[in-house]
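What the coordinates show
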Amino acid sequence: MSDLLDVDSRPAPESSEDSALAEYVAEVCRRLSAGLLRETGDDLRSVVAAEVRSVQWALEDPAALRDRVPVHPPRLDHRGRVRMFTNPVLSQRNPLAPPLTHVSDGDECEFRVTLPLQYQGPRNMLHGGYVGVLLDDVLWYAVRHASTGISFTRELTVTYERPVPLFEELRIVGRVVEAEGRKTFAEGEIVAGGQVCARATGLWIAPKPRRDGHGSAG
Ligand SMILES: CCCCCCCCCC(=O)SCCNC(=O)CCNC(=O)[C@H](O)C(C)(C)COP(=O)(O)OP(=O)(O)OC[C@H]1O[C@@H](n2cnc3c(N)ncnc32)[C@H](O)[C@@H]1OP(=O)(O)O
């Protein structure tokens, strides 16, 4: 996924052990989030203790994490500044991002994910706001893949056709339907068990070029 970012090939100012440590701790945070919402009493204490031990183990022996591949270190921009990939859907280093698999980058972009408890709205169902977050991100990703620069979401319409389930694999799909100047229109859906649960259409707009010829953001 990171190949779509505006990065260069200079080495990141972080050891691979530290990048692995950051991603490992993000995983621990995800497990803790689910544990805090699932457990009580002795079970809660035992989940917290186990995860604290696993962080201590990782800190004491960072080399043990070295074989955890792939690791996604921060990049440097053209001025040599660290560019951390912070995206709350796609960054492995962000505990808010779910454990998502990136399936394809062709005419259709597709992510797959099985969402745990911390994304719950109604019982066993995905929170509606997060349905919008996932669709915004996959449509943005399709727009980004089909173009050369950054675009911002201008309009996003989500149709909730049936509940999006937690605890089972979701396909999250996005595609460009039309591009005209700075505007790109895209659409997509979230599919569970072969059924479309939610659809989205939207418009992405590239920022006006600056006087120096570059985009104004991104
Ligand atoms: C490494 C990076 C990782 C990034 C992760 C991204 C995750 C997903 C994407 C996002 O969530 S982005 C964050 C949420 N979005 C924003 O915060 C954007 C806030 N809005 C803006 O900053 C501006 O509105 C925007 C830059 C999008 C557009 O401002 P402009 O002043 O350039 O737009 P303008 O009003 O000139 O409209 C441009 C064109 O679109 C047209 N237009 C605007 N709204 C329209 C509409 N609703 N339908 C059809 N056309 C529309 C408008 O008529 C015009 O057409 P023409 O070029 O033909 O004249």
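Details of the structure are given in the entry above.
Computed from a predicted model, the values in this text were never measured in an experiment.

What follows covers the sheet that holds strand β4 (residues 108–114). Pairing in this open sheet of six strands is antiparallel, and the strands run β3-β4-β6-β7-β8-β5 from one edge to the other. For this open sheet the edge positions go to β3 (101–105) and β5 (152–160), each flanked by a neighbour on one side alone. With strand direction ignored, the average angle separating the axes of adjacent strands in the sheet is 20 degrees. When strand β6 (residues 169–180) meets strand β7 (residues 183–192), the two strands line up antiparallel, connected through 10 bridges. Across the sheet, residue Arg171 finds its bridge partner in β7, namely Val191.

To continue, consider the side chain of Arg30. In this structure, Arg30 sits in helix α1 (residues 16–38). Of the side chains with opposite charge, Glu27 comes closest to the buried, unpaired Arg30, at an N-O distance of 5.4 Å.

Two numbers describe how α1 lies on helix α2 (residues 41–60): the axes approach to 10 Å, and their chain directions differ by 175 degrees. The orientation of α1 relative to α2 falls into the category roughly antiparallel. When α1 is examined against α2, the residues Leu21, Tyr24, Val28, Arg31, Leu32, Gly35, Leu36 and Arg38 are found in contact with a partner set consisting of Leu44, Val47, Val48, Glu51, Ser54, Val55, Trp57, Ala58 and Leu59. A per-class count over the contact of α1 with α2 returns 12 nonpolar, two polar and three charged.

Attention now goes to unusual backbone geometry. For Asn124, which is not a glycine, the phi torsion comes out positive at approximately 65 degrees. Even without being a glycine, Phe167 presents a positive backbone phi close to 65 degrees. In this structure, Phe167 sits in the loop between β5 and β6. A relative accessible area of 46% places Phe167 in the partly exposed class.

What follows deals with the nonpolar core. Grouped burial of nonpolar side chains is what soluble globular proteins tend to show. Ranked by internal contacts, the top residues of the largest apolar core, which has 30 residues, are Leu115, Leu126, Leu134, Val164, Leu170, Ile172 and Ile190. When contributions to this core are tallied by element, the ones reaching two or more residues are β4, α3 (128–146), β6, β7 and β8 (195–205). Looking at this core, the element that brings in the most residues is α3, giving 10 residues. Ranked by size, the runner-up nonpolar core spans six residues in total, among them Leu21, Tyr24, Val28 and Ala58.

Bringing the state of the cysteines into the picture now. Within this structure, the stated rule accounts for zero disulfides. Cysteine Cys197 remains unbridged, with the sulfur of Cys109 as its closest cysteine sulfur at 20 Å.

Take the pattern of salt bridges next. By the definition in use, this model includes 14 salt bridges. Measuring nitrogen to oxygen at the nearest pair gives 2.8 Å for the salt bridge that ties Arg38 to Glu39. Taking the shortest distance from any N to any O, the salt bridge between Arg45 and Asp42 comes out at 2.5 Å. Residue Arg45 and its partner Asp42 are both found in helix α2; the two are separated by three residues, about one turn of the helix. Overlapping salt bridges, with partners in common, bring together Glu108, Arg175, Glu187 and Glu189 in one network.

Procedures and definitions
Residues numbered from 1 in each chain as written. Predicted model: local features only at pLDDT ≥ 70, side-chain atom pairs only at ≥ 80, totals over all residues. Heavy atoms only, no water. Pairing = 2+ DSSP bridges. Helix = DSSP H or I, 4+ residues; strand = E, 2+ residues; numbered from the N terminus. Axes fitted to C-alpha atoms, helices over the stretch in contact; angles between N-to-C directions. Buried < 20%, exposed > 50% of the residue type's maximum accessible area, 1.4 Å probe, protein only. Lys, Arg positive; Asp, Glu negative; His and termini not counted. Salt bridge = Lys/Arg side-chain N within 4 Å of Asp/Glu carboxyl O. Parallel < 35°, antiparallel > 145°, perpendicular 65-115°, else oblique. Contact = heavy atoms within 4.5 Å. Nonpolar A, V, L, I, M, F, W, Y, C, P; charged D, E, K, R; others polar. Core = buried A, V, L, I, M, F, W, Y, C linked by side-chain atoms within 4.5 Å. Disulfide = S-S within 2.5 Å.

Scope: geometric values only; no functional claims are made or implied.
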